[in-house]
Amino acid sequence: MMHLRTLIFTSVMLPWIVLSSAAEEEYLKARRPKNIVHIPDNYQSDQDESPKANEMPTCLLCVCLSGSVYCEEVSPEMSSVPALPKETAYLYARFNKITKISNRDFDDMVTLRRIDLTGNLIATIEDGAFSKLSNLEELSLAENRLTKLPVLPTKLVSFNANFNQLRTQGVKATAFKKLTKLAYLYLGDNELTAVPQLPESLHVVHLHNNKIATITDETFCQGNSSHYIRPNMYEAKLDGNPIKFSNHPASFICMQTIPTGWNN
C-alpha cells in the first residue's frame, strides 16, 4: 500500500515540480539585463554640460520685445553677436564677452537703428561690419579694446568709442568728415595724438584724456576766414591732453564756447 502511494505521488507531483522550476528559470531570464555595461566612476554625460550661448535661440537667451533685443550680462557668457530677428531695430548687448564683430554679424539687418556694445572685449571689427546698416543712427563701442575703427554708417547721429585704445593711425583723418548728421562724438580716454576732421553737424565732441599735443587753426575753425562761426557745437572736451592752449589763441575763435581744458 505504501509503495502504491509513493508511485502515485511521484507520477503526479514530479512533472509539476519540473515545470515549476522551468517557469521560474524563464522568468529570471526575462528579468536579467540583456547587456551589462560598466560605467566608470568619473564618467560625465554630455547632457550634464551647460549649453553655450551661441547654441541657444536668441530670444531664449535674451529678451526680445517689440523690435528691441536685450542681451546684457548674459549667462552663459556671450562671446559673439547673436543672430537677430529680422525686425530688430535696437540691440543692447552690453557687458558680455564679445571679442570680434564680423561682416556677417549684421548682414542684411537694415532695420537696425541703435547698437550698444558697451563693456565687451571687442578688439577687432571687420571694415564692412556696419557698412550695410543704412538706418543706423546710434552706435556705442565704449569700454572695449579697439585700436582702430571700421567704416561707419553715413546716417550716424551719435558715436561713442570712449575708453578704448584708439590710436591716430587706426582712425582715418576723414573717418567722420562725411557723416553729415553726426551730432555727438565721444572719443575720450583713448591714445589719439591728433584730432580727426570734424563735420559741421557736431554739437558735442569729447577728446579728453588722450595724447593730443597740438592743434591748428583748421582743427575746429577755418583758419583762412575770420568770419566763420561753427554754428552747432556747444561742448568740446579737451582736458587731460598734453596741449598748451595758450600756444593756439586763434584755434577756437569760431566757437560759441571755450573747450574744457583751456586753462591748462
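Right above here is the structure, for reference.
Residues numbered from 1 in each chain as written. Predicted model: local features only at pLDDT ≥ 70, side-chain atom pairs only at ≥ 80, totals over all residues. Heavy atoms only, no water.

Q: Please clarify how the nonpolar core should be interpreted in this entry.
A: The tendency in soluble globular proteins is for nonpolar side chains to be buried as a group. Counting 57 residues, the largest nonpolar core has Ile101, Phe106, Ile115, Phe159, Phe176 and Phe220 as the members making the most contacts within it. Non-local contacts of Phe176, meaning those with residues more than four positions away in its chain, are made with Leu149, Leu152, Phe159, Val171, Leu182, Leu185, Leu187, Pro196, Gln197 and Pro199. (Core = buried A, V, L, I, M, F, W, Y, C linked by side-chain atoms within 4.5 Å. Buried < 20%, exposed > 50% of the residue type's maximum accessible area, 1.4 Å probe, protein only. Contact = heavy atoms within 4.5 Å.)

Q: In this structure, what is going on with unusual backbone geometry? I would like to understand it.
A: Peptide bonds are, in most cases, trans, and in most cases residues other than glycine have a negative phi. A cis amide bond links Ser75 with the next residue in sequence, Pro76, at an omega value of 5°. Along the chain, Pro76 turns up in the loop between β2 (68–70) and β3 (90–92). Positive phi outside glycine occurs at Glu73, with the angle close to 50°. As for its placement among the helices and strands, Glu73 is situated in the loop between β2 and β3. Given a relative accessible area of 61%, Glu73 falls into the exposed group. You will see that Asn209, though not glycine, has its phi angle at about 55°, which is positive. Mapping Asn209 onto the fold places it in the loop between β10 (204–206) and β11 (235–237). (Helix = DSSP H or I, 4+ residues; strand = E, 2+ residues; numbered from the N terminus.)

Q: Help me out: how do you make sense of the state of the cysteines in this one?
A: Covalently bonding the sulfur atom of one cysteine to the sulfur atom of another cysteine gives a disulfide. Applying the stated criterion across every chain yields a total of three disulfides. Two residues share a disulfide in this structure: Cys59 and Cys64, whose sulfurs sit 2.1 Å from each other. Between Cys59 and Cys64, the disulfide has an S-S torsion of -95° and is therefore left-handed. Relative accessible area serves as the criterion here: at 43%, Cys59 is assigned to the partly exposed category. Bridging Cys221 to Cys254, the disulfide has an S-S length of 2.0 Å. Here the disulfide of Cys221 and Cys254 is left-handed, its torsion about the S-S bond being about -85°. Within this pair, whereas Cys221 is found in the loop between β10 and β11, its partner Cys254 is found in the segment after β11, the two being separated by 33 residues in sequence. There is no split in this pair, since Cys221 and Cys254 are both buried. For the protein chain, the disulfide bridges join cysteines in the arrangement 1-3, 2-4, 5-6, where the cysteines are counted in sequence order. (Disulfide = S-S within 2.5 Å.)

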